[in-house]
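Chain by chain, the residues run as shown.
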Amino acid sequence: MRRHLTWRSLATALCALCGACAPIEGPVTVEALVSDPDAEGGARLDDVVLTTVTDLRAGQGADFDVVGGLRMVSDRVIEAAAAADSDQDMRERARGDDIGHAIAARMSFDGTRWQAEDFQTLTMFSAFAGLENAWRYAEEVGDDSGATGDAALVGLEATAVASEGLPISIMTSDNAAYAAPLDGWLLLRVALQDGVPFAMSEHILAHEYGHRFFHKNVYDTDAAFAFYKKRFGEGTEAEARAIRLTQGVDEGLADLFSLGATGDKGGIPRTFEAAGSVFAAEAARRDLEGAFADAATYAGLREQTVDTELSGGCGAQQTGDLFAQASFNFYCLGTVLARSLWDASDRDVEVLRGEVQPAVRRALSRMGEAMGESGDFDLDVLLEPIAAELPPGARRDAACAAFRDKFGELVDQERVPTCL
Amino acid sequence: MLVSALLLVAGATGEPPAPVWRLDLPVALVAQAPASGVDTRVVPWLGVRVARMLDAPNDQLLVFGGDAAAMLGFGPNEGTSKVRASRFGATLEGRGLAALNAFHTATVWVRPYGYGALQAGGAISTLSAYADQSLRLLPVWGLGAGAGLELTVHVVALRVELGAGVRDGAFALDSRLAVGAAF
């Protein structure tokens, strides 16, 4: 008996020392980087409760796992998309066996919370908090797609390489991205950027979650997925133009999603501005209440009649239809769409969360169906179902007024019949 | 055979015994792979080290001894200028040495050697986000083994080493270069 107790005591002591015998599950309090518009730089360290964690030290959760060493192999992605007949099929093919490995967070407990001991662990805590918040927001606005139904991957310090045979990095730093073929978020390391690392910014993380929200709601059917696949092949100029427009819609709705999830309309521009260098120019074009958003319209962008001081970064290389140019910076169109939906919400976060974002969500699957049937896309394919999904009355009227302001041509051509 | 012959010649000529004390300044690059399970991080360590080999006649093939070092480590220092993590560590290290009397003349000694090491110390880990700063003291520990080559010319000693082991629970590779005095 005495011997038994001794061994048990030793085992208990070892467990207490290593702290690794039982996974740390949520709800668990960690110190993470959080957004605070009133704090210097708009960010500070604070306690956050992570609720979906299943093993904090390994970065695992009920909704997503944070992994190290995740790689997106470009040629494999292209081959996977070409061969796949559904989004799920593409995911399996594109991932292959390359799904990263478990992390080993370096952290310590100070009696009330877990604190990171290195930069990677702080990034993991912050990203976990940001994505968890975005996930809950998607559920709140009624998402019933794979965006909230399927488990995802988060690659900490992930990389994107050209091919298996030639593993040259094509994207390694200063970014966070949703890679739809992998159904995972790639959090890249910091190199040139300043301010809040994109991989830790809850605004950027919510934006990236917004891409998954868009992808899973729009490309959910085989026909819609067939439209999505076109971006990986050599299509016609008309198809390339339509894809650019969907990419612009995707970016704009991701910004709107971020605004709704964080409740901070200045979050994305502030993050880009603080990032400095090449990112600062993006800040002005992403400000939904800024001069670019005031001036830009769908027709104005296409015909290049927006003041060039404001639209200089929108990628025009020749006169004529900007949307038809491969150099078109589709984020510019995204801002026009996000601004119109922000106006449709009376620039009120609660209205956005309670009325407009749920209508947008419901409209996305209708957009996917329409694209799948026609094989084509223009903005009316989204604007009409959004207007139709809003209840008749003040909210629909506000949306139609906003659409007339930014997409007047489409409304005038009776391509948004609900707004007639 | 060649080594034995050289030792025999050196012993027969009555050359002075090898110096038993070393004082040197090691520079170590420790690659922890992978830190946080994410990616390999290389941390430079600087220090001062004193070594004592047991007295032994020149014809004794194996010589034993030990050394002790105080080391300071910096980094990894990561993030942006506004949101970053940095680390500064200090350790004491003790090692047991077993050296082979491979070659020597009256003024030159060449000794390959192996070692086993233990490290213990502490680190100051800092996370900062604009005006916020979170600072804590952490224990640092390690154990490892490796091999090196020592070249002593008169009083100048050069040592190069390569080792492997565990640092703070993660596998680590340790490469070192040290220059100092032998007496």
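Thresholds applied
The residue numbering used here restarts from 1 in each chain and proceeds along that chain's sequence as written. Each chain is given a letter, starting from A, and each ligand a number, starting from 1, according to the order in which they appear as written. Confidence filtering applies because this is a predicted model: local features only for residues at pLDDT of at least 70, side-chain atom pairs given and counted only at 80 or more, and all residues used for totals across whole chains, interfaces and linings. A pair of strands is considered paired only if DSSP assigns at least 2 bridges between the two. A run of DSSP states H or I qualifies as a helix once it reaches four residues; a run of E qualifies as a strand once it reaches two. Both are numbered from the N-terminal end. Note on geometry: axes are C-alpha line fits, over the in-contact stretch for helices, and angles between N-to-C directions span 0 to 180 degrees. It is the C-beta atoms, placed from the backbone, that decide contacts: two residues are in contact if theirs lie within 7 Å. To assign burial, the other C-beta atoms lying within 10 Å of each residue's own C-beta are counted, with C-beta atoms placed from the backbone; 20 or more indicates buried, 12 or fewer indicates exposed, and intermediate counts indicate partly exposed. Joined through C-beta atoms within 7 Å, a set of buried Ala, Val, Leu, Ile, Met, Phe, Trp, Tyr and Cys residues constitutes a nonpolar core. Domain limits in this description derive from either an automatic procedure or a database domain assignment. Each residue is assigned to one of three groups, with Ala, Val, Leu, Ile, Met, Phe, Trp, Tyr, Cys and Pro labelled nonpolar, Asp, Glu, Lys and Arg labelled charged, and all others, Gly among them, labelled polar. Any angle that is under 35 degrees is reported as roughly parallel, and any over 145 degrees as roughly antiparallel; angles of 65 to 115 degrees are reported as roughly perpendicular and all others as oblique. Crossings are assigned a handedness: left-handed for a near helix turned anticlockwise from the far helix by less than a right angle, right-handed for a clockwise turn. In predicted models, pLDDT denotes the confidence assigned by the predictor to each residue on a 0 to 100 scale.

Trainee: Got a sec to walk through the sheet that holds strand β12 (residues 169-171) of chain A? Specific residues and values, please.
Mentor: Residues and elements named next belong to chain A. With mixed pairing, the three strands of this open sheet are ordered in space as β6-β11-β12. Here the strands that pair on one side only, and so sit at the sheet edges, are β6 (71-73) and β12. Within the sheet, the average angular offset between the axes of one strand and its neighbour, ignoring direction, is 40°. Examined bridge by bridge, β6 and strand β11 (residues 159-161) share three bridges and lie parallel to one another. Bridge assignment links Arg-71 to a residue of β11, and that residue is Thr-159. Across the sheet, helix α2 (residues 74-83) lies against β6, β11 and β12, angled at about 60° from β6, the strand it touches most.

Trainee: Can you break down the sheet that holds strand β7 (residues 101-102) of chain A residue by residue, with the values?
Mentor: Residue and element names in this part refer to chain A. If you walk across this open sheet you meet the five strands as β7-β5-β10-β14-β13, and the pairing is mixed. One side of each edge strand has no neighbouring strand; the edge strands of this open sheet are β7 and β13 (176-179). As paired strands, strand β5 (residues 64-68) and strand β10 (residues 152-156) are joined by five bridges and run parallel to one another. Bridge pairing in β10 places Gly-68 opposite Leu-156. Along the sheet, helix α4 (residues 119-140) makes contact with β5, β10 and β14 (184-187), crossing β10 at roughly 150°.

Trainee: For unusual backbone geometry, give the residues involved together with the corresponding values.
Mentor: Residue and element names in this part refer to chain A. Backbone torsion omega between Gly-26 and Pro-27 reads 0°, so that peptide bond is classified as cis. With respect to the element layout, Pro-27 can be found in the loop between α1 (2-18) and β1 (28-35). The phi dihedral of Arg-347 is positive, around 55°, even though this residue is not glycine. Structurally, Arg-347 can be placed in the loop between α14 (331-344) and α15 (349-374). When the 14 C-beta atoms within 10 Å are taken as the criterion, Arg-347 is described as partly exposed.

Trainee: Give a detailed account of the nonpolar core, specifying residues and quantitative values.
Mentor: Leu33(A), Ala127(A), Val154(A), Ala176(A), Leu186(A), Leu187(A) and Phe403(A) are the most contacted members of the largest nonpolar core, which has 139 residues in total. Of the residues forming this core, the biggest block, 12 residues, is contributed by α4(A). Looking at which domains feed residues into this core, each of domain 1 (25-230) and domain 2 (234-420) of chain A gives three or more. Here Phe403(A) is in contact with Ser340(A), Leu383(A), Ala387(A), Val411(A), Val416(A) and Cys419(A), once residues within four sequence places are set aside. Judged by nonpolar contacts, the second largest core, of eight residues, contains Ala51(B), Met53(B), Tyr115(B) and Ala117(B).

Trainee: Now, about the interface of chain B and chain A: what can you tell me, with residues and values included?
Mentor: At the junction of the two partners, chain B supplies 22 residues and chain A supplies 33 residues. Put simply, the parts of the chain that give the side of chain B that touches chain A at least two residues each are β1 (21-35), β4 (78-79), β5 (83-100), β7 (108-129) and β8 (132-153) of chain B. At four residues, β8(B) tops the list of elements feeding residues into the side of chain B that touches chain A. Here the side of chain B that touches chain A is built from residues that sort into 10 nonpolar, seven polar and five charged.

Trainee: Residues and numbers for the packing of α14(A) against helix α17 (residues 394-412) of chain A, please.
Mentor: Residues and elements named next belong to chain A. Their axes nearest at 8 Å, the elements α14 and α17 cross at an angle of 150°. It follows from the interaxial angle that α14 and α17 lie roughly antiparallel. Our pair here, α14 against α17, has a crossing hand that is right-handed. In contact with Val-336, Arg-339, Ser-340, Asp-343 and Ala-344 of α14, α17 contributes Ala-398, Ala-399, Ala-402, Phe-403, Asp-405, Lys-406 and Phe-407. For the contact of α14 with α17, the residue count by class is seven nonpolar, one polar and four charged.

Trainee: Talk me through the domain arrangement of chain A; I want residue IDs and the actual numbers.
Mentor: Residue and element names in this part refer to chain A. The domains assigned to chain A are domain 1 (25-230) and domain 2 (234-420). Once you take the C-alpha centre of each, domain 1 and domain 2 turn out to be 24 Å apart. Domain 1 puts 36 residues into the contact, and the matching count from domain 2 is 36 residues. Elements with a contribution of two residues or more to the side of domain 1 that touches domain 2: α4, α6 (202-218) and α7 (222-229). No other element matches the 12 residues that α6 contributes to the side of domain 1 that touches domain 2. Looking at the side of domain 1 that touches domain 2 residue by residue, the class counts come to 17 nonpolar, 14 polar and five charged.

Trainee: Requested: an account of the confidence of the model for chain A, with residues and values cited.
Mentor: Here chain A averages 92 in pLDDT, and 95% of its residues register 70 or above. A low-confidence stretch, residues 1-9 of chain A (pLDDT under 50), is modelled with zero contacts involving residues beyond four sequence positions or located in other chains.

Trainee: Lay out the pairing of strand β9 (residues 156-167) of chain B with the relevant residues and their values.
Mentor: Residue and element names in this part refer to chain B. As paired strands, β8 and β9 are joined by 12 bridges and run antiparallel to one another. Bridging from a neighbouring strand, Leu-149 pairs with Val-160 of β9. The turn linking β8 back onto β9 is made up of two residues, and His-154 within it adopts a positive phi angle of 55°. Counted between consecutive antiparallel strands, the loop separating β9 from strand β10 (residues 170-182) contains two residues, among which Asp-168 sits at a positive phi close to 50°.

Trainee: Residue-level account of the environment of Lys265(A), with values.
Mentor: Residues and elements named next belong to chain A. Counting through the fold element by element, Lys-265 comes out in the loop between α8 (237-262) and α9 (267-275). Judged by local crowding, Lys-265 falls into the buried class, with 20 C-beta atoms found within 10 Å. Expressed as a C-alpha distance, the spacing of Lys-265 and Glu-208, which sit 57 residues apart in the sequence, is 16 Å.

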